[in-house]
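# What the coordinates show
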Amino acid sequence: METEADAARQALFRDADKYSKVLSGKLSHGHGCLKGMAVAIVALAAGAAVMSSNLESWDWKELPVFISSQFSF
């Protein structure tokens, strides 16, 4: 019984490996990964630019209160 369960588990791992390779190939086909990385970098740069312009208007003494209120359960 244990060898059948082990064989079934091995088959599942082989299938998962096969499908992950297929998905990885589809995602990295062409320059999709590079384009995605470029979009992420541009979005981060735009966010940093917006945040840096508003940094001086923040009330830094209220930041701990805001964080604790967001994460209180």
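Because the structure is predicted, anything quoted here is derived from the model rather than measured.

## Side note on the overall build of the chain
Looking only at helices and strands, the chain features 3 helices and 0 strands. Listed by position from the N terminus, the elements making up the chain come as α-α-α. When the 73 residues of the chain are sorted by exposure, 0% land in the buried category.

## Observations concerning a nonpolar patch on the surface
The grouping of Leu-63, Phe-66, Ile-67 and Phe-71 at the surface amounts to a nonpolar patch, some 400 Å² of accessible area in total. When you line up the elements, Ile-67 lands in helix α3 (residues 63-70). Assessed through its relative accessible area of 40%, Ile-67 is described here as partly exposed.

## Notes on the packing of aromatic side chains
Taken as a whole and judged by the stated rule, the model has 0 aromatic pairs. One cation-aromatic arrangement involves Lys-18 over Tyr-19; the distance from NZ or CZ to the ring centre is 5.0 Å.

The rules behind each value
- Residues numbered from 1 in each chain as written.
- Predicted model: local features only at pLDDT ≥ 70, side-chain atom pairs only at ≥ 80, totals over all residues.
- Heavy atoms only, no water.
- Helix = DSSP H or I, 4+ residues; strand = E, 2+ residues; numbered from the N terminus.
- Buried < 20%, exposed > 50% of the residue type's maximum accessible area, 1.4 Å probe, protein only.
- Patch = residues over 30% accessible without salt bridge, like charges linked within 9 Å, V, L, I, M, F, W, Y side chains within 5 Å.
- Areas by Shrake-Rupley, 256 points an atom, 1.4 Å probe, with all protein chains shown as cover.
- Salt bridge = Lys/Arg side-chain N within 4 Å of Asp/Glu carboxyl O.
- Phe/Tyr/Trp six-rings, centres within 6.5 Å; stacked < 30°, edge-to-face > 60°.
- Lys NZ or Arg CZ within 6 Å of the ring centre and 35° of its normal.

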